[in-house]
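Examining the three-dimensional arrangement
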Amino acid sequence: AYHSDARVVSDIVERDRRGRHVRTLAAGVEQGGLALSPDGKWIAVSRPDGLSSNLWIVDVARDVASRFTTSEGQHARAHWSPDAVTIGYGTNRSGLGTMSAFAAKARASADDEKVIATGFVPVGWTRDPAVALCQNATVRGPGERIAIFR
């Protein structure tokens, strides 16, 4: 059997009601690596960068993408807080040893991030933007899978 480690990448495009291409919002996005903000103004996308992947924030109205994470490792599974202010994401960057959940203000920099939980990845938020839902990244089989972090 053959298995490819190549990542599947796609472009995020806007189309009109007839299916005609209007514009490309983000090119080279990892499959499954995008999250639309609740207000529809921003898209968080995961883009491959050599052996790493980083998160980028796309301003939909201005059609501008800004790099959000800059460290080596995989940065993915972005989830917006319900107020569209904070992004939760998972990373396995050097020194962590496992996937860990982080959060940072979307209009700032991932340099201002905080750890939500080690060994977990974000899967969503409650209605309260201070409460994140995370899935255990290490449990295989029965056991604690989802946890709430405040």
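Below is a short write-up of the structure. (Residues numbered from 1 in each chain as written. Predicted model: local features only at pLDDT ≥ 70, side-chain atom pairs only at ≥ 80, totals over all residues. Heavy atoms only, no water.)

1. Focus: the sheet that holds strand β7 (residues 75–80)
- Read from one edge of the open sheet, four strands run β7-β8-β9-β10, paired in antiparallel fashion. Two strands in the sheet have a free side with no partner beyond their single neighbour: β7 and β10 (114–118). For this sheet, the mean angle separating the axes of adjacent strands, direction not counted, is 25°.
- As paired strands, strand β9 (residues 100–105) and β10 are joined by four bridges and run antiparallel to one another. Residue Phe102 lies in a different strand from β10, and its bridge partner there is Val115. (Pairing = 2+ DSSP bridges. Helix = DSSP H or I, 4+ residues; strand = E, 2+ residues; numbered from the N terminus. Axes fitted to C-alpha atoms, helices over the stretch in contact; angles between N-to-C directions.)

2. Let's talk about unusual backbone geometry
- Positive phi values are uncommon outside glycine, yet Asp63 reaches one of about 60°.
- Here Asp63 falls in the partly exposed class, since its relative accessible area comes to 36%.
- Although it is not a glycine, Arg77 adopts a positive phi angle of roughly 60°.
- Overall, Arg77 belongs to the partly exposed group, its relative accessible area being 38%. (Buried < 20%, exposed > 50% of the residue type's maximum accessible area, 1.4 Å probe, protein only.)

3. Description of the side chain of Asp59
- Along the polypeptide, Asp59 turns up in strand β5 (residues 52–59).
- Classification of Asp59 as buried rests on a relative accessible area of 11%.
- Once residues within four sequence positions are removed from consideration, Asp59 is found in contact with Lys41, Trp42 and Val64. (Contact = heavy atoms within 4.5 Å.)

4. Examining the environment of Gly50
- Mapped onto the elements, Gly50 comes out in the loop between β4 (42–49) and β5.
- The class for Gly50 is exposed, based on a relative accessible area of 66%.
- Placed 23 residues apart in sequence, Gly50 and Gly73 show a C-alpha to C-alpha distance of 9.8 Å.

5. Side note on the layout of surface pockets
- Roughly 240 Å³ of internal volume is contained in the largest pocket.
- Lining the largest pocket we find 14 residues, and of these Thr86, Ala103, Lys114, Trp125 and Pro129 sit closest to its centre.
- Only β9 and β10 provide two or more residues apiece to the lining of the largest pocket.
- Of the residues contributing to the lining of the largest pocket, the split by class is nine nonpolar, one polar and four charged. (1 Å grid on protein atoms, 1.4 Å probe; cavity = no way out; pocket = protein on both sides within 12 Å on 5 of 7 lines; lining within 4 Å. Points joined across faces, edges and corners; volume = space filled by probe spheres on them. Nonpolar A, V, L, I, M, F, W, Y, C, P; charged D, E, K, R; others polar.)

6. A short note on the pattern of salt bridges
- Under the criterion given, the structure shown has four salt bridges.
- In this structure, the salt-bridge partner of Arg23 is Glu14, at a minimum N-O distance of 2.5 Å.
- Overall, the relative accessible area of 21% leaves Arg23 in the partly exposed class.
- Classification of Glu14 as partly exposed rests on a relative accessible area of 30%.
- Close ionic contact of Asp49 with Arg67 constitutes a salt bridge, the shortest N to O distance being 3.2 Å. With a gap of 18 residues between them, Asp49 in strand β4 and Arg67 in strand β6 (residues 64–67) connect regions that are remote in the sequence. (Salt bridge = Lys/Arg side-chain N within 4 Å of Asp/Glu carboxyl O.)

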